[in-house]
Structure formats: C-alpha cells, structure tokens
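Structural overview
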Amino acid sequence: MRAGVTFSITAADLDRLRVLVSDRNAAQKHVWRARIVLLSAERLGTNAIMRETGKSKTCVWRWQERFAAEGFEGLLHDKTRPSRIPKLDTAIAERIVALTMEPPLAEATHWTGAAMAEAVGVSVSSVQRIWRAHGLQPHRVRQFKLSKDPAFVDKLRDVVGLYVDPPAHAVVLSVDEKSQIQALDRTQPGLPMKKGRAGTMTHDYKRNGTTTLFAAMNVLDGTVIGRSMQRHRHQEFIRFLNAVERAVPAGKTVHAILDNYAAHKHPEVRLWLARHPRWTFHFTPTSASWLNAVEGFFATLSKRRLKRGVFGSVVDLQAAINRFLNDHNANSKPFQWLADPDKIIAPVRRGHQALDSIHSHDC
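Residues numbered from 1 in each chain as written. Predicted model: local features only at pLDDT ≥ 70, side-chain atom pairs only at ≥ 80, totals over all residues. Heavy atoms only, no water.

To continue, consider the overall build of the protein chain. On a plain count of helices and strands, the protein chain comes out with 13 helices and five strands. Scaling as 2.2 N^0.38, a compact globule of 363 residues should have a C-alpha radius of gyration of about 21 Å, whereas the protein chain reaches 36 Å, well beyond that. For the protein chain, the spread of C-alpha atoms along the three principal axes comes to 110 × 60 × 50 Å. Pairs at least 24 residues apart make up 68% of the contacts formed inside the protein chain by residues separated by at least 6 positions. (Helix = DSSP H or I, 4+ residues; strand = E, 2+ residues; numbered from the N terminus. Rg over C-alpha atoms; globule rule 2.2 N^0.38 Å. Contact = heavy atoms within 4.5 Å.)

Following this line, the structure appears as structure tokens:
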C-alpha cells in the first residue's frame, strides 16, 4: 500500500466487497476496484496487487486512496472531469434567446438551428440546448381564431346549457353540413398492409365529383340523421330539415344548434321555422364552430372512412357514408360536454386583451 495511506475495513464493508466481486451482473470496473481493496486488506503489496488485477501502480494507489477517503460508496462513482469544451458564456445564451424573439436577419419567417448557429458563431447543438432550456420552439406555430361575436358569452352558455341540462320533453340536435366531400379514386391500386410494410396508396388521384352531407346529431343518444345532397344551399337545407322533422317523434320540441352559415339564416329558412313552432334555433358564436357537437362526428367520419377511401363515383361515396352512419348509430353513445364555460371564457378574454395591446402599440 502506498506510504501514508491506511484504512480499516469493517465486517459490513468486507461482506459488501465480496458480494460485489462475485456478482456476475456488476460493472467490471466496480469489480476490479473492489478486488484492489480486498487484496489490500490481505496485506498484499502494490506489485502483487498489480499482477492480480492487471492494473497500473497509479491505478492501484488511486482506488486505495479513494476507499480510505470515501469508503465503499467511493468505489461506485467516478470523479467528474472538466469538459474539453469550455462552457458557453451566459451572454451568448442571452443573445440567442433575444434573437429568437426577433425576426430572422435573413429573408425567412423563423429561425432555424443552423441559421442561429451561424449568426451567433456557436454549434447547432448548443443552440438547440439553449432553446430547450428556455422552452423555445421557433419551428412551431399554434393557430388560433378569436370570436368577435359581441354575444359570445351568452351564446356559449346557451349552447353548453343545452348539452349539460337539456329541456324536458325535448330533442337537442347538433346540426351542420360537411360540404365538398370528394369522391376520390386512385390512379393505381395500392398494396395491402403486411408484416414489415405499411399499406400503400398513390399520391395522385382522380376526382369523380363531390357531395355534401347534412347531419343532425341527437346529443341525448349520439345517433345521427344524415342526408347526402349534391348542392349546399338553403333549398337543400330546408329539404334536410323536413327529413329531420319527420324523424323526430311528435310531441317533442326540437332545439337545433347551428353555426352562422348564410343558408341557416336565409329568409326561406326563417319562414320554415315560423311554420314549425316546435323548432328553436340556437346559433353558436361566430368563429366558434368547435362548439357544435356534430363536428366531432365529421372528424371521425373523415379520419375513419373518407381519408383513405377509394370511390369510383359519387354514388359509391354516398353509399359508403350511409354505411358508416348505420354503423355509428348502431353503437352510438350520448354526447357529454365536460369543459367548464368559465375556463373557455377566461382565455378568450385574455386573447382579446393581448390583441388589443398589440394594436395599441402599432398605433
């Protein structure tokens, strides 16, 4: 043992060292460090320990000193070493953050890691690390649309009230149209999915016409009344209302939730509504079609049936939509609204305040 280095091993440490040496799953660097200490406890000299472990003299001395200073735990941890690359100055990080908040110097819409690295004179990985530390993602953008409807709060509470507490002896319908549904056929047949390969579909297609789906979802049970029509005017909308009128049992009042599409407010539609007193229209706020529950059904229809569909004609497309409607109605579930209106109103107000402050600064 090196002169001036002495240590004593307790029975507990001796047991831990032996267990570590015999553990086949232990890291080898921990095993030979433990062997150095065990051989030292047996009073073997440095040269003998070197022969037994195959380590250099300085290595043997180092781990004898480490055990003497830190005990058994000191064998399991390597001392940290300074990086070959010096740390970036905090001023550089601050400059990168400040530049990220500003438009790029070049003719571009946003900063990239490579552009920022070139502008500041650091590596791309350094830029990305600083962006992660500050939660910056200049390559991403979130879309939004704030409703400018002055009656936004009243309309929101009216519609949500129908969802969570519908009137007695009434049917609540979420009504809308999905227009311009294309009957797309592929130019070449795709290959089916198999193990190790996804299904294939050509990127180009042939248009075989379009159709419009008028839909009314009963929020009480989730069923959907749907009709496919060639055009998207108030005449077709009135025809659809007549179909819904025939489908709703007599003696039930009807509360229909609609968006602000012009066909829904056409004078002929208003006359139809006057002739059917059991109907009441509830309009969502402008730019708030997400409040209409039937939009969720349209999203499912697009994702599950239309997006990958291959249709040789409009008739094929309409037949596929009708089959999807039948499957949906056979397994429908009541619509449940879970969002608190106050938690919707608060961020909308903050958004308007932010936009107003930006406009005031621009002026």
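Now that the structure is up, let's keep going.
Let us look at the packing of aromatic side chains. Evaluation of the coordinates by the stated rule reveals nine aromatic pairs. Here the aromatic rings of Tyr163 and Trp337 are separated by 5.5 Å at their centres, their planes lie at 25 degrees, and the arrangement is stacked. Linking Tyr163 in helix H8 (residues 152-164) with Trp337 in the loop between helix H12 (314-330) and helix H13 (341-362), this pair joins segments that are 174 residues apart in sequence. Like Trp337, Tyr163 is buried. (Phe/Tyr/Trp six-rings, centres within 6.5 Å; stacked < 30°, edge-to-face > 60°. Buried < 20%, exposed > 50% of the residue type's maximum accessible area, 1.4 Å probe, protein only.)

The computed volume of the largest pocket comes to approximately 270 Å³. Lining of the largest pocket is provided by 13 residues; of these, Phe144, Lys145, Leu146, Val348 and Gly351 occupy positions nearest its centre. For the lining of the largest pocket, the element with the highest residue contribution is H13, accounting for five residues. In terms of residue class, the lining of the largest pocket is made up of nine nonpolar, three polar and one charged. (1 Å grid on protein atoms, 1.4 Å probe; cavity = no way out; pocket = protein on both sides within 12 Å on 5 of 7 lines; lining within 4 Å. Points joined across faces, edges and corners; volume = space filled by probe spheres on them. Nonpolar A, V, L, I, M, F, W, Y, C, P; charged D, E, K, R; others polar.)

When two helices pack together, their arrangement is given by the angle between the helix axes and by the axis-to-axis distance. Put simply, helix H6 (residues 113-120) and helix H7 (residues 124-133) touch, their axes get as near as 8 Å, and they point 110 degrees apart. Comparing the axis directions of H6 and H7 gives the class roughly perpendicular. Where H6 approaches H7, its residues Gly113, Ala114, Met116 and Ala117 are matched on the opposing element by Val124, Val127 and Trp131. Split by residue class, the contact of H6 with H7 holds six nonpolar, one polar and no charged. (Axes fitted to C-alpha atoms, helices over the stretch in contact; angles between N-to-C directions. Parallel < 35°, antiparallel > 145°, perpendicular 65-115°, else oblique.)

What follows is about the nonpolar core. Core analysis: the biggest nonpolar cluster contains 35 residues, and Leu156, Tyr163, Leu213, Phe297, Leu306, Leu317 and Ile321 have the highest contact counts within it. Residue assignment for this core shows that the elements contributing at least two residues are H8, strand S1 (170-186), strand S2 (205-218), helix H11 (294-306), H12 and H13. Excluding residues that lie within four positions of it along the chain, Leu213 makes contacts with Asp176, Glu177, Lys178, Ile181, Gly226, Arg227, Ser228, Phe297, Phe298, Leu301, Ile321 and Leu325. By size, the runner-up hydrophobic cluster in this structure holds 20 residues, among which are Val171, Val248, Ala256 and Trp272. (Core = buried A, V, L, I, M, F, W, Y, C linked by side-chain atoms within 4.5 Å.)

Here we come to unusual backbone geometry. For His169, which is not glycine, the phi dihedral falls at a positive 55 degrees. Turning to its location among the elements, His169 is positioned in the loop between H8 and S1. Within the chain, Ser287 stands out as a residue other than glycine whose phi angle is a positive 60 degrees. When you line up the elements, Ser287 lands in the loop between strand S5 (279-283) and H11.

For the rest of this paragraph, the subject is the sheet that holds S2. Taken in spatial order, the five strands of this open sheet run S3-S2-S1-S4-S5, and their pairing is mixed. With one partner strand each, in any of the chains shown, strand S3 (224-229) and S5 form the two edges of the open sheet. On average, each strand axis in the sheet is inclined to that of its neighbour by 25 degrees, with strand direction left out of account. Looking at chain direction, S1 and strand S4 (residues 253-258) are connected through five bridges and run parallel. The residue bridging Val171 from the neighbouring strand is Val254, located in S4. The sheet contacts of H12 involve S1, S2 and S3, and relative to S2 the element is tilted by about 30 degrees. (Pairing = 2+ DSSP bridges.)

Under the criterion given, the structure shown has eight salt bridges. Residues Asp149 and Lys155 are paired through a salt bridge, measuring 2.8 Å at the closest nitrogen-oxygen approach. Arg278 serves as the salt-bridge partner of Glu245, at 3.3 Å between the closest nitrogen and oxygen. Of this pair, Glu245 sits in helix H9 (residues 234-247) while Arg278 sits in the loop between helix H10 (267-275) and S5; the two residues are 33 residues apart in sequence, bridging distant segments of the chain. (Salt bridge = Lys/Arg side-chain N within 4 Å of Asp/Glu carboxyl O.)

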